Each structure stands twice: as C-alpha cells, then as structure tokens.
Amino acid sequence: MKKLLVTGGAGFIGANFVYHMLDTRPDVRLVCVDSLTYAGNMSTLARAMADSRFTFYRQDIRDRAGIDAIFDREKPDAVVNFAAESHVDRSIEDPALFLQTNVLGVQVMMDACRSHGNIRFHQVSTDEVYGDLPLDRPDMLFTESTPLHASSPYSASKAGADLLALAYHRTYALPVTVSRCSNNYGPYQFPEKLIPLMIANCLADKPLPVYGKGLNVRDWLYVEDHCKAIELILEKGRIGEVYNVGGHNEMRNIDIVKLICGELHKPESLITYVTDRKGHDLRYAIDPTKIRDELGWVPETAFADGIKSTVRWYLDNRPWWEEIVSGEYRDYYERMYANR
Ligand code: NAD
Ligand code: TDX
C-alpha cells in the first residue's frame, strides 16, 4: 500500500484532500503532519482519526529534527505540502512568520525528501505568485510561463517556495512538481476567508466588510476539484513541471457577497464598504490548458452548485465554525476590522 505524507492536513484544503483520498483510494495510507496553528483544527479530522489508514503527528514543518524523525519512522513514498500560512491580510500584519513557514518549512521538507531516498515531493502553490491582471483585459490569463510578480508578503513567500522547489529539482534531481491553483471554496474553510466570513456574518446579521469597491475579481474553484488535480499530478504529472489549476470561473467580490445574501435571504443593506487591502490584487484568472491537455483534468463542480452546497455545509455544521469565531479569532477580527 502506498504511503502519502500530507502536511497541513488539519487546514482547509489539506483536510479535503485527506478525505478525498481516504474515501476514494483504498490503496493509499496517509500520514498527516500539522502543527495546529490557529488555522488547523482537529475536529475537522475527527472522521479520519477513526480510520486505520490515517496517522496524525502534531509537528511543525520548520523543525528539522522532528520532521526527520517522522520520515525515519514512516518512510513515505511521496509528500504533498499543503502546510502554510495562507491568509494575505495576516501576511501584511506579520510577514516574518510567512517566510519561516512558507519558505524555510518547505526547505526542511525537501531536505528530508532528499536524505530519505529522493522522495517524490509536490508543492501546493497558488495563482497569486503571478501577481494580478488588469480588470479590463479579459483576454489575459495566467499561464505557467507568466513571470512571477507577487504582490503580498504571502504571495512572495509562496513564489520563493516555488523557485526553491524547482531549484531542488534542477540541482539535486529531487522529483518535484508544483501546482498553482486559483481561489478555493468549500467545506472546512477557515472563516477569515471571503466566502465563509460572509456566510458567518450574514447568519449573525453582522456587517459584511467588502474591501474597496468590491470590484476585484477572483477565479473560484470548488476544493474537491483542486484535490483531484493534485491526485492526478502526483500520479501522472511530469517531474520538474508546474501545473496551473483553475476552472474559468471569474467573479467580482461584490457579486459573490450579494449571491450569499440571496442564498441566506439576508438584505444587501448588510454590505459595508471598508478600507481596501494594501496592495490589493485586482484580478486573478488561470489558464488551465496544460493540466487539461496533459492530464485530462477538468473541473466537475459548477460554481452555482458548489456555492449552494457550501452555504448548506456551513448551515449544517454550525458548531464547527461557531467554536472558531468565538475563540481567539474574535481578537483577530476586532484588530482587522474594528477601525477599517
Ligand atoms: P489553511 O490556512 O486553511 O491551512 C493551513 C494548515 O497548515 C493548517 O492546518 C495549519 O495548522 C498548518 N500549518 C501552518 N503552519 C505550519 C507549520 N509551520 N508546520 C506544520 N503545519 C503548519 O490553508 P489552506 O487554505 O488549506 O491552504 C493550503 C495550501 O494551499 C497552502 O499552501 C496555500 O498556500 C495553498 N492554496 C490555497 C488556496 C485557497 O484558496 N485557500 C488557493 C491556492 C493555494
Ligand atoms: O473581509 C473581506 N473582504 C473582502 O472584500 C475579506 C476577507 C476578503 N475580501 C476580498 C479580498 C479578495 O479580493 O475578497 C477577495 C478574497 O479574499 P480572501 O478570501 O482573503 O482570498 P485571497 O486574498 O484572494 O487569497 C486566497 O486565494 C489564494 C487564499 O487566501 C490564498 O491562500 C490563496 O493562495
């Protein structure tokens, strides 16, 4: 049976990937490494913990000795690195942590792969490494050869990790792949991110803080489609290659927020325009031709269906996010939004 080591599995996409693999791949065992930052949540992994094919380690990827010990013991066949500080607004407040986890943590993971038999390594990256596109040029999309042009400390740290991963391939022949995905949405997303934040605030009849004029565009992909893309790249992706992942689903922030109001039967008068994010990227849009043509990947969930089931999930799983928004997240929210 193949053993896959997954970092960041207690976070949003990592947990969805863990469940995708446990539910569809009886031939795979999963070892999850996660330090449980504010964004990691053991309740998310409750069902996985009951599965004999799943093992969990509370472990920071920056800690070389701890990571080496897990590799010694588990001897994984491949590694997928989801672990990261992932929120742009937090990176504007505290860039150092982003560099430590998102760059140096990746180095530790790849060094462990090298010293344990040149283990296959997949780096989960983001379209944000390309910077942004103009709003008035719908013809322009990010391809894998678009130059890296990161705007935030978060995206700069992810770009640094991508370059390091590709350098480890060229220099040490480490079998590396990189995927750069657009904005994900779906179950278990931490409520600091646009879609769950707006759902939670709507349900509490709280103001809906839209940055700037709400005209920035993101390219949304249902998280399960991202997980399937990563699985395909792991199995069939060409070593040393980058794959863009996205579903041609560009939406303006304001339209997403209005749609959520509609789904929850809440008045649009809750919408409050607040001070814009510093350096706010205007538009992201992925060209997924390469992964479609080479690996046959196409997104399967239409946004209209995915957003309905996501809203339904947050309605059906209130204890999961209510516990989060009533904990230390409250201080973050106050800090970030009080005087905005
Ligand atoms: P998340 O913030 O929900 O989860 C991150 C997880 O990593 C958490 O469980 C956290 O505890 C863990 N973690 C953080 N620092 C760690 C460390 N030093 N050691 C071990 N574990 C650590 O993030 P997400 O939205 O699930 O994103 C996962 C990955 O996908 C990230 O690499 C992110 O850059 C990338 N990505 C995210 C999106 C998106 O829309 N969310 C889109 C494209 C790419
Ligand atoms: O309160 C808000 N109001 C608002 O208008 C928040 C939290 C966000 N926004 C805007 C900012 C963005 O234009 O909504 C858009 C989406 O914001 P986020 O959910 O913070 O996502 P984004 O900055 O686009 O980054 C996300 O996608 C790429 C993930 O957080 C990254 O980890 C991923 O790499």
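Refer to the structure printed above.
Report follows, based on the coordinates. (Residues numbered from 1 in each chain as written. Chains lettered and ligands numbered in written order. Predicted model: local features only at pLDDT ≥ 70, side-chain atom pairs only at ≥ 80, totals over all residues. Heavy atoms only, no water.)

## Let's talk about the overall build of the protein
And then number 1: Scanning the protein from terminus to terminus reveals 13 helices and 12 strands.
And then number 2: Relative to the compact-globule value of 20 Å for 340 residues, the protein shows a C-alpha radius of gyration of 19 Å, a close match.
And then number 3: Referenced to the eigenvectors of the C-alpha coordinate spread, the extents of the protein come out at roughly 60 × 45 × 35 Å.
And then number 4: In the protein, which comprises 340 residues, the proportion classed as buried is 57%.
And then number 5: Put simply, of all contacts in the protein between residues at least 6 apart along the chain, 83% involve residues at least 24 apart.
And then number 6: Of the roughly 14100 Å² of accessible surface on the protein, a fraction of 52% belongs to carbon and sulfur atoms. (Helix = DSSP H or I, 4+ residues; strand = E, 2+ residues; numbered from the N terminus. Rg over C-alpha atoms; globule rule 2.2 N^0.38 Å. Buried < 20%, exposed > 50% of the residue type's maximum accessible area, 1.4 Å probe, protein only. Contact = heavy atoms within 4.5 Å. Areas by Shrake-Rupley, 256 points an atom, 1.4 Å probe, with all protein chains shown as cover.)

## With respect to the sheet that holds strand E11 (residues 250-252)
And then number 1: Taken in spatial order, the 3 strands of this open sheet run E7-E9-E11, and their pairing is mixed. Each edge of the sheet is formed by a strand with only one pairing partner; in this case those strands are strand E7 (183-185) and E11. In this sheet, neighbouring strand axes are inclined to one another by 50° on average, regardless of whether the strands run parallel or antiparallel.
And then number 2: The pairing of strand E9 (residues 217-222) with E11 spans 3 bridges and is classified as antiparallel. Counterpart to Val 217 in the pairing with E11 is Arg 252. (Pairing = 2+ DSSP bridges. Axes fitted to C-alpha atoms, helices over the stretch in contact; angles between N-to-C directions.)

## Looking at the site of ligand 1
And then number 1: Taken together, 29 residues are adjacent to ligand 1, and Ile 13, Asp 34, Ser 86, Tyr 154 and Lys 158 come closest.
And then number 2: A distance of 2.9 Å is found between an oxygen atom of ligand 1 and a backbone nitrogen or oxygen belonging to Gly 11.
And then number 3: Ile 13 has a polar backbone atom sitting 2.7 Å from an oxygen atom of ligand 1.
And then number 4: Compared with its free state, where it exposes 840 Å², ligand 1 has 97% of that area covered by protein.
And then number 5: Where the shell around ligand 1 is concerned, the elements lending two or more residues are helix H1 (12-24), strand E5 (120-126), helix H6 (153-172) and E7.
And then number 6: The element that contributes the greatest number of residues to the shell around ligand 1 is E5, accounting for 3 residues.
And then number 7: In the shell around ligand 1, the residues fall into 12 nonpolar, 13 polar and 4 charged. (Near = heavy atom within 4 Å. Polar contact = N/O pair within 3.5 Å; in protein donor to acceptor, adjacent residues only side chain to side chain. Nonpolar A, V, L, I, M, F, W, Y, C, P; charged D, E, K, R; others polar.)

## Concerning the site of ligand 2
And then number 1: Neighbouring residues of ligand 2: 22 residues in total, closest Glu 128, Tyr 154, Arg 277, His 280 and Tyr 337.
And then number 2: In the model, an oxygen atom of ligand 2 is placed 2.5 Å from a nitrogen or oxygen of the Tyr 154 side chain.
And then number 3: The side chain of Tyr 337 places a nitrogen or oxygen atom 2.6 Å from an oxygen atom of ligand 2.
And then number 4: Elements supplying a minimum of two residues to the shell around ligand 2: helix H7 (194-203) and strand E8 (208-211).
And then number 5: Class assignment of the residues belonging to the shell around ligand 2 gives a composition of 10 nonpolar, 7 polar and 5 charged.

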